[in-house]
Amino acid sequence: MPALNKLSSLQVKNAQPGKYSDGGGLWLHKKDGDGGKWFLRVHVHGRRREMGLGALSAVTLKEAREEAEKWRAVARQGKDPIKERERIRREAAKADHTLTVVAKEAFAARQAELKDDGKAGRWFSPLELHVLPKLGNVPIEEIDQQDIKNTLSPIWHSKGETAKKAINRLGIVFRHGAAMGLDVDLQATMKAKALLGKSRQVSKHIPAMPWGDVPAFYERLDDGSVTHLAFRLLILTAVRSRPLRFIHLDELHGDTWVIPADKMKTGKEFHVPLSSEAQRIIEEATAFEKDGYLFPNVKKGVISDATMSRLMERQELEARPHGFRSSFRTWCAEATDTPREVAEMALAHETGSKVERTYRRTDFLEQRRVLMERWAQHVTGQSAEVVKLVAK
């Protein structure tokens, strides 16, 4: 066996530029200006391989000898030490790129574009509740369609909407992993959907009150409380619950309510025309204003969505607050000649193709102003005639 440990620490320190053997294939290569590097020469399957063991400034003679012996042992097993080291590094990298780690990175990257940083919409919840408990510790590169199918099959038919959200979020996480340079299967979620098949769960629409019954309900909201006033304004404006509950004095500009982008589901600022009745309700609500919010809670913050829902439950009504948007839209279709684009814009819905929306630079505010005034007339029982929509 070739002699080992030929060099001393002093020789290593004082060595001039050149190559110096320590025996057993361990070499020190010193060059002008770079301090020197350790490398190991081994023969595997008749081929000579050279692998770097680190810079002299970072690896001592003793450490270099220990590393050399470790990789010589690998070579004696007939394995290529360079390939084996790369395999170990890849395995270590996988451990750092579990599904949980990548999912959290993907969520963090998207938070800025999500309402309330994704908290209100609970973007991360479907993954956190139904995927990560089973697959969270698995390297994302090892996850395939069968893993996803087995994870989501228990809720695929019983909690169909949640399961679909989970698998869609998972697709986003996989695309984020690919952008990180990881070897993920970008088609895994699509394949999993094919394995899972069509969900048997039937989607349930939020119950809505028939538009003909709205005036009677509106009339019963007459005690002047925060809840009743908020409910009346919700019906009159046909907006979603959240922007209504968080309405602030700074958002009100005469006969127009400007809802900030961060309060809209679309993520875009929205102008709501205020009918005469809506303006009257707002004026009445200012008596309860706290920190600029028109509908404050008794203790802290603003009234909750549950408060409004419970009011309808106590009256033994099947309909729910969000359903008044549907009541309004059905009234537009059945009792007016409102163009579809105007009616949909009143609900902050986008219509037409992306190209159409690019060239359509109007939000139909004046047409909507007429429409909302006539809706207020219907709601307050002043008019039951078919509306002919004519802008001022």
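Look up a bit, the structure's there.
A brief report on the enclosed structure follows.

About the thresholds
- Residues numbered from 1 in each chain as written.
- Predicted model: local features only at pLDDT ≥ 70, side-chain atom pairs only at ≥ 80, totals over all residues.
- Heavy atoms only, no water.
- Helix = DSSP H or I, 4+ residues; strand = E, 2+ residues; numbered from the N terminus.
- Rg over C-alpha atoms; globule rule 2.2 N^0.38 Å.
- Buried < 20%, exposed > 50% of the residue type's maximum accessible area, 1.4 Å probe, protein only.
- Contact = heavy atoms within 4.5 Å.
- Areas by Shrake-Rupley, 256 points an atom, 1.4 Å probe, with all protein chains shown as cover.
- Core = buried A, V, L, I, M, F, W, Y, C linked by side-chain atoms within 4.5 Å.
- Axes fitted to C-alpha atoms, helices over the stretch in contact; angles between N-to-C directions.
- Parallel < 35°, antiparallel > 145°, perpendicular 65-115°, else oblique.
- Nonpolar A, V, L, I, M, F, W, Y, C, P; charged D, E, K, R; others polar.
- Arc of directions from axis to C-beta.
- Pairing = 2+ DSSP bridges.
- Expected span 1.5 Å × (residues − 1).
- Phe/Tyr/Trp six-rings, centres within 6.5 Å; stacked < 30°, edge-to-face > 60°.
- Polar contact = N/O pair within 3.5 Å; in protein donor to acceptor, adjacent residues only side chain to side chain.

**Description of the overall build of the protein chain**
(1) Moving on: Scanning the protein chain for helices and strands turns up 18 helices and seven strands.
(2) Moving on: By the compact-globule yardstick of 21 Å for 392 residues, the protein chain is too spread out, its C-alpha radius of gyration being 34 Å.
(3) Moving on: In terms of overall dimensions, the protein chain has a C-alpha envelope of 105 × 45 × 45 Å along the principal axes.
(4) Moving on: Scored against the burial criterion, the 392 residues of the protein chain give a buried share of 42%.
(5) Moving on: Across the protein chain, contacts joining residues at least 24 apart in sequence account for 55% of those joining residues at least 6 apart.
(6) Moving on: For the protein chain, the computed accessible surface area is about 21800 Å², with 50% contributed by carbon and sulfur atoms.

**Describing the nonpolar core**
(1) Moving on: In this structure, F217, F231, I235, L244, W257, F295 and F328 are the most contacted members of the largest nonpolar core, which totals 52 residues.
(2) Moving on: Top element by residues in this core is helix α11 (residues 226–237). It accounts for eight residues.
(3) Moving on: Ignoring sequence-local partners within four residues, the contact set of F231 consists of F217, L221, M308, L311, M312, P321 and F324.
(4) Moving on: Counting 30 residues, the second largest nonpolar core, distinct from the first, contains L99, L152, V184 and A188.

**A few points about the packing of helix α8 (residues 160–179) against helix α9 (residues 188–196)**
(1) Moving on: Closest axis-to-axis distance for the α8/α9 pair is 9 Å, and the angle between their directions is 155 degrees. What the angle tells us is that α8 and α9 run roughly antiparallel. Within the contact between the two elements, α8 uses I167, N168, L170, G171 and F174 and α9 uses A188, T189, A192, K193 and L196.
(2) Moving on: Looking at the contact of α8 with α9 residue by residue, the class counts come to six nonpolar, three polar and one charged.

**Topic: helix α14 (residues 305–314)**
(1) Moving on: For α14, the full list of buried residues reads M308, S309, L311 and M312. The arc enclosing the buried residues of α14, seen along the axis, measures out at 150 degrees, which places them on a common side.
(2) Moving on: Its buried side turned inward, α14 meets α10 (214–220), α11, α12 (241–245) and α15 (323–335).
(3) Moving on: Backbone geometry just after α14 places E316 at a positive phi near 55 degrees.

**Section: the sheet that holds strand β1 (residues 18–23)**
(1) Moving on: Strands sit in the order β1-β2-β3-β4 across an open sheet of four strands; the sheet is antiparallel. Looking at the sheet topology across the chains shown, the edges are occupied by β1 and β4 (47–55). In this sheet, neighbouring strand axes are inclined to one another by 25 degrees on average, regardless of whether the strands run parallel or antiparallel.
(2) Moving on: Pairing between strand β3 (residues 37–44) and β4: eight bridges, direction antiparallel. Paired with L40 across the bridge in β4 is M51.
(3) Moving on: In this fold helix α2 (residues 61–76) packs onto β1, β2 (26–30), β3 and β4, with an angle of close to 15 degrees to the strand it touches most, β3.

**Quick notes on the sheet that holds strand β5 (residues 252–253)**
(1) Moving on: Read across the open sheet, the three strands follow the order β5-β6-β7; overall the sheet is antiparallel. Each of the sheet's edge strands pairs with one partner strand only, and the pair in question is β5 and β7 (270–273).
(2) Moving on: Examined bridge by bridge, strand β6 (residues 256–259) and β7 share four bridges and lie antiparallel to one another. Looking at the pairing, T256 lines up with P273 of β7.
(3) Moving on: Of the strands in this sheet, β6 and β7 touch helix α18 (residues 365–379), which is tilted by about 40 degrees from β7.

**Points about α2**
(1) Moving on: Compared with the 22 Å implied by 1.5 Å per residue over 16 residues, the 22 Å span of α2 between its first and last C-alpha is a close match.
(2) Moving on: Listed in full, the buried residues belonging to α2 are L61, A64, A68, W71, R72, V74 and A75. Burial along α2 is one-sided: seen end-on, the buried residues are contained in an arc of 155 degrees. Projecting away from the buried face of α2 at angles above 90 degrees are the exposed residues K62 and R76.

**Side note on the packing of aromatic side chains**
(1) Moving on: Inspection of every chain in the model, using the stated rule, returns 10 aromatic pairs.
(2) Moving on: Taken together, a centroid distance of 5.5 Å and an interplanar angle of 25 degrees make the contact between F217 and F324 stacked. On the criterion of sequence distance, the pair formed by F217 in helix α10 and F324 in helix α15 is long-range, its members being 107 residues apart.
(3) Moving on: Look at W331 and W375: their rings are 5.1 Å apart centre to centre, the planes differ by 55 degrees, and that puts the pair in the tilted class.

**Topic: the side chain of H228**
(1) Moving on: Mapping H228 onto the fold places it in helix α11.
(2) Moving on: Side-chain polar atoms of H228 contact the side chain of D223, separated by 2.9 Å.
(3) Moving on: Leave out the neighbours within four places in its chain, and H228 touches R220, L221, D222, D223 and L311.

**Looking at the environment of A348**
(1) Moving on: Mapped onto the elements, A348 comes out in the loop between α16 (340–346) and α17 (354–359).
(2) Moving on: Expressed as a C-alpha distance, the spacing of A348 and V272, which sit 76 residues apart in the sequence, is 9.2 Å.
(3) Moving on: Those residues in contact with A348 that lie beyond four places of it in its chain are M264, T266 and F270.

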